[in-house]
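Understanding the architecture of this molecule
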Amino acid sequence: MYSVLKCIKCKKEYPLNELIYECKSCGALLDVQHDLEEVKEAISKELFDKRLGTRQFPYMSGVWRYRELILPVEEKMIISRPEGNTNLYKSKKAAEFVGSTLENLRLKHEGENPTGSFKDRGMTSGVTQANVLGAEIVACASTGNTSASMAAFAAVGNKKAIVFIPEGKIAYGKLSQALAYGGITLQIRGNFDDAMKLVKEVSLDLNLYLLNSVNPFRLEGQKSIIIELLHQLNWEVPDWLVCPGGNLGNSSAFGKALHELKELGFIDSLPRLAVIQAEGSAPLYLSYKTGFEKHVEVENPETIATAIKIGKPVNYTKAVRAIKWTNGLVEIVTEDEIMNAKAIVDGAGIGAEPASCATVAGIKKLIEAGIMDKKDKIAGILTGNILKDPDATVNYHMKKLDGYACTHANEPIVVDANREDVERVIKGILNA
Ligand SMILES: *Cc1c(COP(=O)(O)O)cnc(C)c1O
């Protein structure tokens, strides 16, 4: 297979094994560009179906099952857990909450990946490429899930991991994973955007292989979310595809996946991509509102959904491209909308971290506004696991989130340690 790195702006090409993250002539982002004619010859829906039925390495991975679309690489170089193979849920409670129907709403749970977020799909391809390049140290800035995932894949692939995290602003589940998997963890006294800037600056000098989503090999792995989703839907294209937007790697990868699948004849139409941001952390939305005339950045992003608390997303240009390719849109949701949607997703027995639930809050808002229709087929991506941020969940249900309505709080009941009181309380509830 013949693939190159290609600048998305000036179209200059570089060999796949050149160690660069941006175009050397114009500074724009790079794509991993596969020769789609060649890929087309090599793959078919039947081939993917056949691989779905095997336990054979690496095809049992929901990423490497589609390897011709991900990365041309020798099998022995692949670092896989394996990842992917995440469930696609129907939920009456979630459907009713957003105003859709059981049949028309699907939620794909990327929190079911090995480390609990979709980042694993990008790490398997990113760390595999690190392997190909002979890199021994990998690095990233992270709001949490990238560091958790990178530390785990580095451990599996016998590499050192250095993670830059914003001090005191990351969810406990994520921090605990980075430490536990053995990542060298630098708590930067600043926010995510500061950490991102620093890791970019030092990685080239110190010979660290950078595994943020500015690395185009990560996005190739994340394309598999969409490939696997469409495979699960028998290649029937939904009307809408909805995801949260932070550093915008996912939105960018989704656009590229859809564009390529159409070129390859796997699908003949595209869903509209709706990217949902938190009101206090919405640089893409603010830019979208200017018709992308202005590239707006947010200095001090704020939201409880820490995974999308990013004011200067590195993949901005690729995300704009994805919105344009799919006739997509960007929407914002409030903090209360995110946390109340989370209570519904959690209460439906599915469960997800706050950023994931921006997806569901966004769908509700877009249906209420008449932009999405009850009759539309909607696929929403839940990006991270419910256990990632126990503080947000517990504080919501204990009504200890200052300034939040906590509308669906399910408070624990304190009972004295005797049988009469326990029976009285339970009967009181059952008879209510
Ligand atoms: C990383 C992450 C996001 C944001 O994805 P981007 O690709 O950075 O836009 C959203 N939700 C969760 C759970 C994440 O880990």
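Now for a look at the structure at hand. Please read all numbers here as calculations on a predicted model, not as lab measurements.

Some thoughts on the pairing of strand β8 (residues 184–188)
Direction of pairing for strand β7 (residues 160–166) relative to β8: parallel, over a ladder of five bridges. Bridging from a neighbouring strand, Pro 166 pairs with Ile 188 of β8. Between the parallel elements β7 and β8, the chain passes through helix α6 (residues 172–180) in a crossover that is right-handed.

A closer look at the site of the ligand
Around the ligand, the structure places 16 residues, and the nearest of them are Lys 119, Asn 145, Gly 246, Asn 250 and Thr 383. Between Leu 248 and the ligand, the recorded distance is 2.8 Å, taken from a backbone N or O atom to an oxygen atom. Calculation on the ligand without its partners gives an accessible area of 380 Å², and the protein chains cover 97% of this total. One can see that the ligand is located within the largest cavity.

Overview of the side chain of Thr 115
Here Thr 115 lies in the loop between β5 (105–109) and α4 (119–133). Classification of Thr 115 as buried rests on a relative accessible area of 3%.

Quick word on the sheet that holds strand β3 (residues 30–34)
Within the open sheet, the three strands sit side by side as β2-β1-β3. Their pairing is antiparallel. In the strand order of this sheet, the two ends are held by β2 (13–15) and β3, each with one partner. Averaged over neighbouring strand pairs, the angle between their axes works out to 35 degrees when direction is ignored. Bridge analysis of strand β1 (residues 3–7) against β3 gives five bridges, and the strand direction is antiparallel. By the bridge assignment, Cys 7 is partnered in β3 with Leu 30.

A few points about the pattern of salt bridges
Scanning the model with the defined rule gives 28 salt bridges in all. The partner of Glu 103 in a salt bridge is Arg 106, with the nearest N and O atoms 3.6 Å apart. Taking relative accessible area as the criterion, Glu 103 reaches 43% and is therefore assigned partly exposed. Of the charged contacts, one joins Glu 228 and Arg 121 as a salt bridge, the two residues approaching to 2.8 Å between their closest N and O atoms. Here Glu 228 is found in helix α8 (residues 216–232), whereas its partner Arg 121 is found in helix α4, with 107 residues between them in sequence. A single burial state applies to Glu 228 and to Arg 121, both of which are buried. Connected via shared salt-bridge partners are Lys 108, Glu 110, Arg 121 and Glu 228.

Examining helix α13 (residues 354–368)
Across its 15 residues, α13 extends 21 Å between first and last C-alpha, which sits within 8% of the 21 Å expected from 1.5 Å per residue. Among the 15 residues that make up α13, twelve are buried, leaving the element largely enclosed by the rest of the structure. Buried within α13 we find Pro 354, Ala 355, Ser 356, Cys 357, Ala 358, Thr 359, Val 360, Ala 361, Gly 362, Ile 363, Leu 366 and Ile 367. Looking at the residues trailing α13, positive phi occurs at Gly 370, about 80 degrees.

Focus on the pairing of β7
Across the seven residues of β7, six count as buried, placing the element largely inside the fold. Alignment of strand β6 (residues 137–141) against β7, held across five bridges, turns out to be parallel. Paired with Ala 141 across the bridge in β7 is Phe 164.

A few points about the side chain of Gln 129
Residue position: Gln 129 is located in helix α4. Given the relative accessible area of 3%, Gln 129 is considered buried. When sequence neighbours within four positions are dropped, the list of residues in contact with Gln 129 reads Leu 16, Asn 17, Leu 71, Tyr 209 and Phe 217.

Concerning α6
Here α6 has its buried residues at Gly 173, Lys 174, Leu 175, Gln 177 and Ala 178. Buried positions along α6 lie against α5 (145–156), β7, β8 and α14 (390–397). Phi for Gly 182, located one or two positions after α6, is positive at around 90 degrees.

Here we look at the nonpolar core
Counting residues in each nonpolar core, the largest one holds 91 residues, and the members touching the most others are Ile 226, Leu 241, Phe 254 and Leu 284. Among the elements that make up this core, the one with the highest residue count is α8 (seven residues). Of the residues that make up this core, three or more belong to each of domain 1 (3–68 + 116–214) and domain 2 (88–115 + 219–397). Apart from the residues lying within four places of it in its own chain, the contact partners of Leu 284 are Leu 248, Val 275, Gln 277, Phe 292, Tyr 316, Ala 319, Val 320 and Val 330. In this structure, Ile 276, Ile 308, Ala 361 and Ile 363 belong to the second largest nonpolar core, which totals 33 residues.

Some thoughts on the environment of Gly 311
With respect to the helices and strands, Gly 311 occurs in the loop between α10 (283–288) and α11 (316–325). Measuring from C-alpha to C-alpha, the distance between Gly 311 and Pro 301 comes to 5.4 Å, with ten residues separating the pair along the chain.

Section: the packing of aromatic side chains
Applying the stated rule across the entire model yields seven aromatic pairs. Between Phe 48 and Phe 266, the ring centres sit 5.7 Å apart and the planes meet at 45 degrees, which makes this aromatic pair tilted. On the criterion of sequence distance, the pair formed by Phe 48 in helix α2 (residues 45–52) and Phe 266 in the loop between α9 (249–263) and β11 (272–278) is long-range, its members being 218 residues apart. This pair shows no difference in class: Phe 48 is buried, exactly as Phe 266 is. Each member of the aromatic cluster is reached from another via a ring pair, and the members are Phe 48, Tyr 66, Trp 235 and Phe 266. Across the ring face of Phe 153, the terminal group of Arg 81 is positioned such that the distance to the ring centre comes to 5.9 Å.

So, a nonpolar patch on the surface
On the surface, a cluster of nonpolar side chains totalling about 550 Å² of accessible area is made up of Ile 413, Val 415, Val 422, Ile 426, Ile 429 and Leu 430. Summarising the element assignment, Val 415 is placed in the loop between α14 and α15 (419–431). The exposure class of Val 415 is partly exposed, given its relative accessible area of 33%.

What counts and what doesn't
- Residues numbered from 1 in each chain as written.
- Predicted model: local features only at pLDDT ≥ 70, side-chain atom pairs only at ≥ 80, totals over all residues.
- Heavy atoms only, no water.
- Pairing = 2+ DSSP bridges.
- Helix = DSSP H or I, 4+ residues; strand = E, 2+ residues; numbered from the N terminus.
- Right-handed = clockwise from strand over helix to strand, strands pointing away.
- Near = heavy atom within 4 Å.
- Polar contact = N/O pair within 3.5 Å; in protein donor to acceptor, adjacent residues only side chain to side chain.
- Areas by Shrake-Rupley, 256 points an atom, 1.4 Å probe, with all protein chains shown as cover.
- 1 Å grid on protein atoms, 1.4 Å probe; cavity = no way out; pocket = protein on both sides within 12 Å on 5 of 7 lines; lining within 4 Å.
- Sits in = over half its atoms within 2 Å of the grid points.
- Buried < 20%, exposed > 50% of the residue type's maximum accessible area, 1.4 Å probe, protein only.
- Axes fitted to C-alpha atoms, helices over the stretch in contact; angles between N-to-C directions.
- Salt bridge = Lys/Arg side-chain N within 4 Å of Asp/Glu carboxyl O.
- Expected span 1.5 Å × (residues − 1).
- Contact = heavy atoms within 4.5 Å.
- Core = buried A, V, L, I, M, F, W, Y, C linked by side-chain atoms within 4.5 Å.
- Domains from an automatic or database assignment.
- Phe/Tyr/Trp six-rings, centres within 6.5 Å; stacked < 30°, edge-to-face > 60°.
- Lys NZ or Arg CZ within 6 Å of the ring centre and 35° of its normal.
- Patch = residues over 30% accessible without salt bridge, like charges linked within 9 Å, V, L, I, M, F, W, Y side chains within 5 Å.

By themselves, these observations are geometric and do not establish any function.
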